[in-house]
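Fold and geometry: a report
Each chain, letter by letter, is given below.
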Amino acid sequence: GYLTAVAGYRYKYSDDGSRMELTFVINEGPRFKINSIQIIGNRYITEDSIRSRLTLAPGDMYNGSVLHVDTQEIVYGYGEPGFMYADIQPKTVMLDDQNAVDLIYKIEEGDQWKIGQIHVNIDGEVDAIKETVVLNMMDMYEGELLDRRKLQNARTNFGRSPLFESNPQIAEPPDIVVTPREERF
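**Details of the sheet that holds strand β3 (residues 33-40)**
- Pairing is mixed in the open sheet, where 3 strands are placed in the order β3-β5-β4. Taken across any chain shown, the strands that pair with only one partner, and hence form the sheet edges, are β3 and β4 (87-95). Taken over all neighbouring pairs, the strand axes of this sheet differ in orientation by 20° on average, direction set aside.
- As paired strands, β4 and strand β5 (residues 100-108) are joined by 9 bridges and run antiparallel to one another. Bridge pairing in β5 places P90 opposite Y105.

**Things to note about the packing of helix α2 (residues 64-79) against helix α4 (residues 148-160)**
- Where α2 contacts α4, the two axes come as close as 7 Å, and the packing angle between them is 100°. Considering their axes alone, α2 and α4 lie roughly perpendicular with respect to each other. In this structure, α2 uses E73, V75, Y76 and G79 to contact α4, whose residues at the interface are R148, R149 and Q152.
- A class-by-class count of the residues in the contact of α2 with α4 yields 2 nonpolar, 2 polar and 3 charged.

**Let's talk about the packing of aromatic side chains**
- Counted under the stated rule, the structure contains 5 aromatic pairs.
- With centroids separated by 4.8 Å and ring planes inclined at 55°, the aromatic side chains of Y44 and F83 adopt a geometry described as tilted. Residue Y44 is found in the loop between β3 and α1 (47-51), and its partner F83 is found in the loop between α2 and β4; the two are separated by 39 residues along the sequence.
- Judged by its relative accessible area of 44%, Y44 falls in the partly exposed class.
- The exposure class of F83 is buried, given its relative accessible area of 6%.
- Both rings, one in Y85 and one in W113, keep their centres 5.2 Å apart while their planes meet at 65°; by these two values the pair is edge-to-face.

**Quick notes on the pattern of salt bridges**
- The tally for this structure, following the rule as stated, stands at 7 salt bridges.
- Close ionic contact of R43 with E109 constitutes a salt bridge, the shortest N to O distance being 3.7 Å. Placement of R43 in the loop between β3 and α1 and of E109 in the loop between β5 and α3 (131-138) is noted, with a sequence separation of 66 residues between them.
- Since its relative accessible area comes to 68%, R43 is described here as exposed.
- Close ionic contact of K150 with E144 constitutes a salt bridge, the shortest N to O distance being 3.8 Å.

Rules behind the numbers
Residues numbered from 1 in each chain as written. Predicted model: local features only at pLDDT ≥ 70, side-chain atom pairs only at ≥ 80, totals over all residues. Heavy atoms only, no water. Pairing = 2+ DSSP bridges. Helix = DSSP H or I, 4+ residues; strand = E, 2+ residues; numbered from the N terminus. Axes fitted to C-alpha atoms, helices over the stretch in contact; angles between N-to-C directions. Parallel < 35°, antiparallel > 145°, perpendicular 65-115°, else oblique. Contact = heavy atoms within 4.5 Å. Nonpolar A, V, L, I, M, F, W, Y, C, P; charged D, E, K, R; others polar. Phe/Tyr/Trp six-rings, centres within 6.5 Å; stacked < 30°, edge-to-face > 60°. Buried < 20%, exposed > 50% of the residue type's maximum accessible area, 1.4 Å probe, protein only. Salt bridge = Lys/Arg side-chain N within 4 Å of Asp/Glu carboxyl O.

Structure follows, in structure tokens:
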């Protein structure tokens, strides 16, 4: 909540010059409260649905870490119905002489993505792992909307699975590649 904090330093050498005393000077300034939260640019997802994902609320003290988490939650909220590349830009507007800020989430939803064909490419021993095992680990299916969180979880599962070599010095780590098609659904 200390948006106007200023940090500096001062130093002083000992008389013989062999030592230096370094002092960091921090002026925190006032803490800022959240005055209002605005959501701009949403068309597909309702403002109420977006607000239900937020931890910060008007009247709370501003917290940059929580703002980051809230922004990620909005990104995941858009990722569930297939808006893979929704761009969420939070903006903090300081209000003059009030020690308060307005938060503005500017949203560009982008295109909605649907899973087309899933191609499994397994290098190495052909019989070592079956394609169905890989597909089951993904928890994503052809024809459904591409869910950003499911995609991230599947990538994490592949990296942690003992079925795949994840050491890049031995083999290329497993990955999921999303390739857009020209035609839209």
